[in-house]
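Remarks on the overall topology
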Amino acid sequence: HGAQYRTEGMGQYVEQAPDTQERGTIFFTTKDGQLVAAAVMQTGWRIAIDPALVVDEQGTYAKLNAITVVDKDRFMQSVARKNDPYEEVAFRVNDDAATKVRKLKLPGVIVVQDQWRLYPGKDLAAQTLGFVGYKGESKSKVGVYGLEKGWDSTLSESATGLYVNPFAEIFTNLESALSTDPTSHHGSIVTSIEPSVEAQLEKTLDEVMKDYTPKLAGGIIMDPKTGEIYAMGLRPDFDPNTYNLVTNPGVYSNVLVSGRYELGSIMKPLTM
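Residues numbered from 1 in each chain as written. Predicted model: local features only at pLDDT ≥ 70, side-chain atom pairs only at ≥ 80, totals over all residues. Heavy atoms only, no water.

**A look at the confidence of the model for the protein**
This prediction gives the protein a mean pLDDT of 84; 81% of its residues lie at or above 70. At the level of individual helices and strands, the protein shows its lowest average pLDDT in strand β1 (residues 14-16), which scores 37, and its highest in helix α10 (residues 195-212), which scores 98. Across residues 10-19, where pLDDT falls below 50, the model places 15 contacts with residues more than four positions away in sequence or in other chains. Confidence over residues 159-163 falls short of pLDDT 50; this stretch has eleven contacts with residues more than four positions distant or in other chains. (pLDDT = per-residue confidence, 0-100. Helix = DSSP H or I, 4+ residues; strand = E, 2+ residues; numbered from the N terminus. Contact = heavy atoms within 4.5 Å.)

In structure tokens form, the structure reads like this:
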């Protein structure tokens, strides 16, 4: 009866994970060894409505917009869909604003817990970090460029989409705990990127772009003794917090890592 007992046992400590998704942090490391968050999960709220229950459309919009930014066109289009019981109208709402919205007790307005990926440095090391987004027909967000993609299985808190009791996880993930492959573990990652060095490199690249107007400029600063990367940057760049506003998706790629070059061109600087 092994299969039966195994199924019953799983039911004691595994349950479906919530709609929100946990993800490990990516850290930079300063020259004195301090960790600086480069990519973190931010918690907050989103505002939704049940169009059929909204009584005063203009009044509801005005009251919501006075607390947090609500796109009027999106709100009016959403409120017109009377047969849809759930329409989202505002995102990334902080705790203070969500509390104020709840206190209004507006008919048809719903406050829902939300989570999103935040990049505190904005465009700092953007191509190196990459970003989290939807890929293909996937219903959950994954890393699609940079470190977010390369270490996606590590940064994802649960590869199965299930929540496992920590005590039970000791036994279910025993092989992973003993593995010497760091990408097989789940959690945060610490990089050797030094934020002040990265900022200086990118400032230099901005000057190169201004003086010579190339299509692309990039640079890597590394420790020649250990191979540790202290900075890696490209221009033009983007802000991974608002990657959807980019008109040229080509800026997402880190060509310093993924680009292809003729061998002869590489040998010239080595010869010099």
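**Points about the layout of surface pockets**
Each pocket or cavity is described by its volume, and for the second largest pocket that value is around 240 Å³. Lining the second largest pocket are 14 residues, with Gln-127, Tyr-145, Gly-146, Asn-254 and Val-257 positioned closest to its centre. Secondary-structure elements contributing two or more residues to the lining of the second largest pocket are α5 (126-129), α6 (146-150) and α11 (255-258). Top element by residues in the lining of the second largest pocket is α6. It accounts for four residues. Across the lining of the second largest pocket, the residue classes tally to six nonpolar, seven polar and one charged. (1 Å grid on protein atoms, 1.4 Å probe; cavity = no way out; pocket = protein on both sides within 12 Å on 5 of 7 lines; lining within 4 Å. Points joined across faces, edges and corners; volume = space filled by probe spheres on them. Nonpolar A, V, L, I, M, F, W, Y, C, P; charged D, E, K, R; others polar.)

**Quick word on the nonpolar core**
Ile-26, Phe-28, Tyr-119, Leu-129, Phe-131 and Phe-238 are the most contacted members of the largest nonpolar core, which has 19 residues in total. Among all residues touching Phe-238, those that are not within four sequence positions of it are Asp-123, Ala-126, Gln-127, Phe-131, Tyr-243, Val-246, Val-251 and Tyr-252. Val-89, Ala-98, Leu-106 and Val-109 belong to the second-largest nonpolar core, a separate cluster that totals 17 residues. (Core = buried A, V, L, I, M, F, W, Y, C linked by side-chain atoms within 4.5 Å. Buried < 20%, exposed > 50% of the residue type's maximum accessible area, 1.4 Å probe, protein only.)

**Examining the packing of helix α2 (residues 57-67) against helix α4 (residues 95-104)**
Running from N to C, α2 and α4 cross one another at 155°; their axes reach a closest spacing of 9 Å. Classed by the angle they form, the pair α2 and α4 counts as roughly antiparallel. Along this stretch, α2 crosses α4, giving a crossing that reads as right-handed. Packed against α2, whose contacting residues are Lys-63, Leu-64 and Ile-67, the element α4 presents Ala-97, Lys-100, Val-101 and Leu-104 at the interface. Counted by class, the contact of α2 with α4 contains five nonpolar, no polar and two charged residues. (Axes fitted to C-alpha atoms, helices over the stretch in contact; angles between N-to-C directions. Parallel < 35°, antiparallel > 145°, perpendicular 65-115°, else oblique. Left-handed = near helix turned anticlockwise from the far one by under 90°.)

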